[in-house]
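In case you want the letters, here they are:
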Amino acid sequence: MNNPTIEYQAKMYVYDLKNCASEFGFKADEYWEVGMASREEKSAIEKQYAPTLSASVLPEMLCEMLRVVRYKLTQQLVGSGKPIDLATIRQQHLQYLVAYSPNRVRR
């Protein structure tokens with residue numbers, strides 16, 4: 001890995017995800033949906049799903065952090081569109097990595 005900071009942050013994030021899943025009693029078929037989000041999107045996700053886990057990440061590191069986290073969770077990158085570049089991240093104000101379980105909607 002080129003950047004040990006990203007590797008370390010991703011490792012800690014995945015560790016926190018696994019602890020959170022254990023704490024909330026995730027079943028074998030439950031999984032984390034992980035993606036990039038702006039402050040507003042993060043807030044909306046937190047209001048809709050529980051539990052959620054977010055981390056503030058520098059825009060320059062966000063794409064790589066997402067890739068490493070998904071790799072460690074053994075998830076495929078979803079989406080047929082072209083990869084998001086730094087300009088798009090800054091334009092859309094993406095600054096968080098957010099994880100939630102789509103099966104766990106807040107009531």
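Our subject is the structure listed above.
Analysis parameters
- Residues numbered from 1 in each chain as written.
- Predicted model: local features only at pLDDT ≥ 70, side-chain atom pairs only at ≥ 80, totals over all residues.
- Heavy atoms only, no water.
- Salt bridge = Lys/Arg side-chain N within 4 Å of Asp/Glu carboxyl O.
- Helix = DSSP H or I, 4+ residues; strand = E, 2+ residues; numbered from the N terminus.
- Buried < 20%, exposed > 50% of the residue type's maximum accessible area, 1.4 Å probe, protein only.
- Pairing = 2+ DSSP bridges.
- Axes fitted to C-alpha atoms, helices over the stretch in contact; angles between N-to-C directions.
- Contact = heavy atoms within 4.5 Å.
- Phe/Tyr/Trp six-rings, centres within 6.5 Å; stacked < 30°, edge-to-face > 60°.
- Lys NZ or Arg CZ within 6 Å of the ring centre and 35° of its normal.

A. Structural detail: the pattern of salt bridges. The full count for this structure, using the stated rule, is five salt bridges. Two residues, E60 and R90, come together in a salt bridge whose shortest N-O distance is 2.4 Å. Placement of E60 in helix 3 (residues 59-72) and of R90 in helix 4 (residues 86-91) is noted, with a sequence separation of 30 residues between them. For E60, a relative accessible area of 46% puts it in the partly exposed group. The salt bridge involving E64 is made with R67; its shortest N-O contact spans 2.6 Å. In this pair, E64 and R67 are both assigned in helix 3, three residues apart and thus about one turn of the helix distant.

B. A look at the sheet that holds strand 2 (residues 52-56). Pairing within the open sheet is antiparallel, and its three strands lie in the order 1-3-2. Here the strands that pair on one side only, and so sit at the sheet edges, are strand 1 (33-37) and strand 2. For this sheet, the mean inter-axis angle between neighbouring strands, taken without regard to orientation, is 20 degrees. Two strands pair when backbone bridges link them, and strand 2 and strand 3 (residues 96-100) are joined in this way by five bridges, in the antiparallel orientation. Paired with S54 across the two strands is V98, which belongs to strand 3. Lying on the sheet, helix 2 (residues 39-48) is in contact with strand 1, strand 2 and strand 3; it crosses strand 3 at an angle near 15 degrees.

C. Quick look at the packing of aromatic side chains. Going through the model one piece at a time under the given rule, you end up with two aromatic pairs. Geometrically, the ring pair formed by Y49 and Y100 is stacked, given 4.4 Å between the ring centres and 25 degrees between the ring planes. In this pair, Y49 is assigned in the loop between helix 2 and strand 2 and Y100 in strand 3, connecting sequence segments 51 residues apart. One exposure class covers both Y49 and Y100, and it is buried. Above the face of the Y96 ring, K42 is positioned so that its terminal group lies 5.0 Å from the ring centre.

D. Structural context of unusual backbone geometry. Each neighbour pair has its own omega, and for A50 with P51 the value is 0 degrees, a cis peptide bond. Among the secondary structure elements, P51 is positioned in the loop between helix 2 and strand 2. Its identity is not glycine, yet H93 carries a phi of approximately 60 degrees, on the positive side. Tracing the backbone through its elements, the reader meets H93 in the loop between helix 4 and strand 3. Overall, the relative accessible area of 55% leaves H93 in the exposed class.

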